[in-house]
Amino acid sequence: LSPHNLMVGFDGRVKVLEGRPIDRAAVERARHGIDSLYRKRGYYAVEVATREVADSTGGVRLVFDVREGSRVAISQVVIEGNEAFEDGKVVGGMRTRPEGFWWFRKGEYSEDKLEQDVRDNLPKWYADRGYVDFRVTGDSLVADTLPGKATLILEVEEGQQYKVGTFEIVGNRRYSSDELRTFFPFGAVQPGDGRNADVVFNRSDWDGATERLTTLYQNTGYIYSSIRPEESRRTAADGTPYLDLRW
């Protein structure tokens, strides 16, 4: 092996300088890095060992011996802390799914998919139903009684369900407020008074309307225009949570 080269493998987790005295701590970090990479991909039965094989030059060849095992399958997803929606409904908003009857529902665990669910998919799913303060407070994978199976447990805080409150538009010149209100996705409003009906806030509808309004300005030559959506939380006298909206 050529000295002073950097041996890099397994997504950059093995970093051991060749042609140098063996650094036991670096070797252990590399072994742990390989182990964590496999576990992140759902291979919880992985075993990583190191071996040193002497060569004719008086040095040693460092071998990482990996026994992958099989990728763990999620047999069940349990949601804790949910009150507004049943577990099955919440899981429907995730990419991470338990294995099912059909062959294409293998339920293979992926930390990347779970991270996307926790950071993006579940908050958006709840926000589309008015729960804009939703958050996942914890997640854990518990081994099942069957080999290669595990139960995924998510702890959540749903928060309150917000209704659409007041709505106003400021800073517009090219188009009148009446023209721009036609883009508002939650129906007609009375200026300054908000809605009379109880309409639940929907994040996708609000973001989509903002995007369409931005496109309107850009298509008429206002390429440097900025449409900034604002949301203000408010609790009415009767205890109803509202989101007051503004463009």
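Residues numbered from 1 in each chain as written. Predicted model: local features only at pLDDT ≥ 70, side-chain atom pairs only at ≥ 80, totals over all residues. Heavy atoms only, no water.

Caption draft 1: Region of interest: the overall build of the protein chain. Along the protein chain, the regular secondary structure elements total five helices and ten strands. Burial statistics for the protein chain: of 247 residues in total, 34% are counted as buried. A separation threshold of at least 6 residues defines the contact pool for the protein chain, and within that pool the share at least 24 residues apart is 56%. (Helix = DSSP H or I, 4+ residues; strand = E, 2+ residues; numbered from the N terminus. Buried < 20%, exposed > 50% of the residue type's maximum accessible area, 1.4 Å probe, protein only. Contact = heavy atoms within 4.5 Å.)

Caption draft 2: View of the side chain of T210. Along the chain, T210 falls in helix α5 (residues 203–219). A residue is classified by how much of its surface remains accessible, and T210, at 8% relative accessible area, is buried. A polar contact is formed between the side chain of T210 and the backbone oxygen of W206, at a distance of 2.9 Å. Setting aside residues no more than four positions away along its own chain, T210 makes contact with I227, P229 and W247. (Polar contact = N/O pair within 3.5 Å; in protein donor to acceptor, adjacent residues only side chain to side chain.)

Caption draft 3: Broad picture of the pattern of salt bridges. One pass over the full model with this rule turns up 13 salt bridges. Note that D133 and R233 form a salt bridge whose closest N and O atoms lie 2.7 Å from each other. Linking D133 in the loop between α3 (111–127) and β6 (135–143) with R233 in strand β9 (residues 230–235), this pair joins segments that are 100 residues apart in sequence. Overall, D133 belongs to the partly exposed group, its relative accessible area being 31%. (Salt bridge = Lys/Arg side-chain N within 4 Å of Asp/Glu carboxyl O.)

Caption draft 4: Up close: the sheet that holds strand β10 (residues 241–246). Taking strand neighbours across the sheet as the criterion, the three strands line up as β8-β10-β9 in an open arrangement whose pairing is mixed. Unpaired on one side and paired on the other, β8 (163–168) and β9 mark the two borders of the sheet. Neighbour to neighbour, the strand axes of the sheet diverge by 30° on average, direction disregarded. The pairing of β9 with β10 spans six bridges and is antiparallel. Bridge assignment links S232 to a residue of β10, and that residue is D244. (Pairing = 2+ DSSP bridges. Axes fitted to C-alpha atoms, helices over the stretch in contact; angles between N-to-C directions.)

Caption draft 5: Summary view of the side chain of K163. The residue K163 is located in strand β8 in this model. Of the buried charged residues, K163 lacks a salt bridge, with D198 as the closest side chain of opposite charge at 4.1 Å. Each residue touching K163, except ones within four places of it in the same chain, is listed here: D198, V199, V200, F201, T240, P241, Y242 and L243. (Lys, Arg positive; Asp, Glu negative; His and termini not counted.)

Caption draft 6: Examining the packing of aromatic side chains more closely. Inspection of the entire model under this criterion finds 16 aromatic pairs. Aromatic pair Y126 and Y131: ring centres 5.7 Å apart, planes at 85°, arrangement edge-to-face. Take Y126 and Y131: they sit in the same class, and that class is buried. Pairing F184 with F186 gives two aromatic rings, centres 5.4 Å apart and planes at 75°, and the pair type is edge-to-face. (Phe/Tyr/Trp six-rings, centres within 6.5 Å; stacked < 30°, edge-to-face > 60°.)

Caption draft 7: The arrangement of the nonpolar core in detail. Formed by 20 residues in total, the largest nonpolar core has its most connected members in V90, L122, Y126, L152 and L154. Residue assignment for this core shows that the elements contributing at least two residues are β5 (73–80), α2 (87–91), α3 and β7 (149–157). Membership of the second largest hydrophobic core comes to 19 residues, among which are F167, I169, A209 and L245. (Core = buried A, V, L, I, M, F, W, Y, C linked by side-chain atoms within 4.5 Å.)

Caption draft 8: Quick look at the environment of G59. If you trace the backbone, G59 turns up in the loop between β3 (47–54) and β4 (60–67). C-alpha separation for the pair G59 and R20, spaced 39 residues apart in sequence, amounts to 9.5 Å. With residues near it in sequence (within four places) discarded, G59 still touches V53 and A54.

Caption draft 9: Molecular detail of a negative patch on the surface. A cluster of acidic side chains, namely E80, E111, D139 and E155, defines a negative patch on the protein surface. Within the secondary structure layout, E111 lies in helix α3. (Patch = residues over 30% accessible without salt bridge, like charges linked within 9 Å, V, L, I, M, F, W, Y side chains within 5 Å. Areas by Shrake-Rupley, 256 points an atom, 1.4 Å probe, with all protein chains shown as cover. Charge placed at Lys NZ, Arg CZ, Asp CG, Glu CD.)

Caption draft 10: Just the sheet that holds β5, in detail. With respect to topology, three strands assemble into an open sheet ordered β5-β7-β6, the strand pairing being mixed. Either end of the sheet is taken by a strand with one partner, and the two such strands are β5 and β6. Here the average twist between neighbouring strands, direction ignored, is 20°. With eight bridges connecting them, β6 and β7 associate as antiparallel partners. Counterpart to R135 in the pairing with β7 is E157.

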